[in-house]
Amino acid sequence: MNEQKTYDNGGIAPANDRVEILMVDDRSENLLALEAALHSDEYVLVGKTSGEDALRYVLQSDLGRLALVLMDVQMPGMDGYETAMLMRERKELREVPIIFITATYKSKSNVKQGYLTGSIDYVFKPFDPDVLRWKVENFVRLHRYQRELKQKHAQLQSRNQEIERVNQRLLEAERKLLQHQKVLEQTVEERTAQLREANQEIYRSHRRFRTIFYTNPNLIAIRRVNDGRFLDVNDAWERATGYSCERMNALGDEAIRIKTTENRGADSVQVEFTTRDGELRYGLLSTQVLEVNEEACELLVITDVSERVALQRHLNRLDRLNLIGEMAAGIAHEIRNPMTTIQGFLQIWRKSETPMSKEHIDLMLSELLRANTIITEYLSLAGNKTSHFDAHAAHDLVDSLSPLLQAVAVMAEKQVEVRHDSYDVWIRADANEMRQVILNLAKNGLEAMEAGGKLTIRTYADGEEAVIDVIDEGQGIPDDVLDRIGTPFFTTKDHGTGLGLALCYSIMERHQGSIGVTSGPLGTMFSVRLPVVPKPEDARAAEHGDSKA
């Protein structure tokens, strides 16, 4: 497909551009004969073997270059007459000359039909090559002349339009010049008033900033980013720290010694700082980078929360005292029961002065053992023991308890299923304490089910956390009981101290992990979550690589 060209001068092709002669004949040898007779460097010969191909060509080609169409009359499918009529329907082709060339249709009616369909000549085969070439050359010269006239006419129109546009622009420029003079005078007056108002607003803004900056109850300072020198501090900063801006620059980082103690999110962090008198105070620090006099600076805002921290610590102490009171009451209640039993038997034995039976002695020993168990679990809950943390595979911790859990389940006519979704999940933990957590949760799950129930223990990784799920098929935990899960001495068992889950929560807190509970009519799931750590050999390999680097 030939690409259409675009021209200046209103889209008219240059007069000296090579033109095209379209030859249409269903026989290739006739096209070769025409090409041999008409060959010239002045134009390009384009041959097509059917009317359909000729129509497709003129629809896709540059019609500004088409000077003449030589068309055979007798062709299969669409004949020359029909092709010529369809060409004339297009506006751009109505002025293109068409010469019919035929060896068969020589009657007057055929010639008349040819002229009626838009041709300007009718040539019979065999034709004289020289005569045909002269005709073609004359039509080419005529086409060039017409294109030259169109080009000059388009140039003339373009120049006239340009002159008209220039005149319009001159008139418009003169009109705008007069308007501009008026507008300029008005603009000068308005700009003068605006500058006067802007100066006043800058002055008011400066006063507002100084008022907000210096009277703000928060500690505010501005310092440069590149060298850390302070540009200014407000009155609250000087009162709270005892340091002026000059003193801060003289002492540098040794002035108030800000230390981050807790991240409060993206907006602020909790810090502690020392005053000039050596007092340790607490605050919430937020920073903002801004530009002062085209220089990057940092705005430091510290909200003094020392009184709030002291109040919170006081409340925490009260909470601990309250918890100690509750736990003391619980311990006293739990230990008083076995002690009462032992005291009763001893009083009976002293009054009767008869030897005590073996059953009574065994009962008192069991009550003493129960009291000792309560004290032991309470001490475990207090967290006084030292934990030994190391990297362990989560599935190894579960598998080490699997034989014991299977034995307990078989005796209770229940099942235990252990499933590991991944064998490459490692955690940093005290192995004995983690086994105690898993064992307590598994025993609770077994006790919550009827005979025939199945307990499922599953390990997997959830993002950056290792998860150990303990799932039972019991009747679920009521909402009022679920809210008190993990409270010391709270239990729903007939024989229990209520310290088992509390101990589990205490262990997880030391491990920086958590225990989640999901319960419903079909069972309960305890999810133990701990941060994932690298596999020991991977960590050693990374450390070895860093040392080499």
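Let me begin by describing the structure that accompanies this report. (Residues numbered from 1 in each chain as written. Predicted model: local features only at pLDDT ≥ 70, side-chain atom pairs only at ≥ 80, totals over all residues. Heavy atoms only, no water.)

### Points about the side chain of asparagine 110
Among the secondary structure elements, asparagine 110 is positioned in helix α5 (residues 108-116). Leaving out residues up to four positions away in the same chain, asparagine 110 has contacts with Tyr81, Tyr105 and Tyr122. (Helix = DSSP H or I, 4+ residues; strand = E, 2+ residues; numbered from the N terminus. Contact = heavy atoms within 4.5 Å.)

### Some points on the pairing of strand β4 (residues 98-102)
Within β4, five of the five residues are buried, leaving the element largely enclosed by the surrounding structure. Where strand β3 (residues 66-72) and β4 come together, four bridges link them in parallel fashion. If you follow leucine 70 over to β4, its bridge partner there is isoleucine 99. Taken together, β3, helix α4 (residues 80-88) and β4 form a β-α-β motif whose crossover is right-handed. In this sheet, strand β5 (residues 121-124) lies alongside β4 in parallel orientation, the contact comprising four bridges. The residue bridging threonine 102 from the neighbouring strand is phenylalanine 124, located in β5. (Buried < 20%, exposed > 50% of the residue type's maximum accessible area, 1.4 Å probe, protein only. Pairing = 2+ DSSP bridges. Right-handed = clockwise from strand over helix to strand, strands pointing away.)

### Observations concerning the environment of glutamate 197
Tracing the chain through its elements places glutamate 197 in helix α6 (residues 129-215). Exposure remark for glutamate 197: the relative accessible area of 41% places this residue in the partly exposed category. At a separation of 3.0 Å, a polar atom in the side chain of glutamate 197 contacts the side chain of arginine 204. (Polar contact = N/O pair within 3.5 Å; in protein donor to acceptor, adjacent residues only side chain to side chain.)

### Describing the sheet that holds strand β16 (residues 465-471)
Taken in spatial order, the five strands make up an open sheet running β13-β15-β16-β18-β17, and their pairing is mixed. Pairing within the sheet leaves two strands with one partner each, and these edge strands are β13 (415-420) and β17 (514-520). On average, each strand axis in the sheet is tilted by 15 degrees relative to the strand beside it, whichever way the strands run. Bridge count between β16 and strand β18 (residues 523-531): seven bridges; the pairing is antiparallel. (Axes fitted to C-alpha atoms, helices over the stretch in contact; angles between N-to-C directions.)

### So, α6
Given 3.6 residues to a turn, an α-helix orients residues that are three or four positions apart in the same direction. For α6, with 87 residues, the first-to-last C-alpha span of 107 Å runs short of the 129 Å given by 1.5 Å per residue. Here α6 has its buried residues at Leu132, Val136, Phe139, Val140, His143, Arg144, Arg147, Gln151, Ala154, Phe213 and Tyr214. The backbone nitrogen of aspartate 130 has a side-chain oxygen 3.1 Å away, supplied by the residue at the start of α6, namely aspartate 128. (Expected span 1.5 Å × (residues − 1).)

### Quick word on the pattern of salt bridges
Going through the model one piece at a time under the given rule, you end up with 26 salt bridges. Among the ionic pairs, arginine 133 bridges to aspartate 130, the shortest N-O distance being 2.4 Å. Of this pair, arginine 133 and aspartate 130 both sit in helix α6, three residues apart, which is roughly one turn of that helix. Judged by relative accessible area, which is 23%, arginine 133 ranks as partly exposed. Between arginine 165 and glutamate 162 there is a salt bridge, and its shortest N-O distance comes to 2.6 Å. Of this pair, arginine 165 and glutamate 162 both sit in helix α6, three residues apart, which is roughly one turn of that helix. (Salt bridge = Lys/Arg side-chain N within 4 Å of Asp/Glu carboxyl O.)

### What to know about the nonpolar core
Counting 34 residues, the largest nonpolar core has Leu405, Met434, Leu441, Leu455 and Val528 as the members making the most contacts within it. Considering each element in turn, this core owes the most residues, eight residues, to helix α12 (residues 431-447). Once residues within four sequence positions are removed from consideration, valine 528 is found in contact with Met434, Val437, Leu441, Ala466, Val467, Ile468, Met508, Ser514 and Ile515. Judged by nonpolar contacts, the second largest core, of 23 residues, contains Val46, Met75, Tyr81 and Met87. (Core = buried A, V, L, I, M, F, W, Y, C linked by side-chain atoms within 4.5 Å.)

### A word on the sheet that holds strand β1 (residues 19-24)
Here we have five strands laid out as an open sheet, ordered β2-β1-β3-β4-β5, and parallel in their pairing. Each edge of the open sheet carries a strand with a single partner, namely β2 (43-48) and β5. Averaged over all neighbouring strand pairs, the angle between strand axes comes to 20 degrees, with direction disregarded. For β1 and β2, the ladder comprises six bridges, and the chain directions are parallel. Across the sheet, methionine 23 pairs through a bridge with glycine 47, a residue of β2. Here α6 sits on the sheet in contact with β1, β2, β3, β4 and β5, set at roughly 135 degrees to β1.

Any functional reading would require information that these geometric values do not contain.
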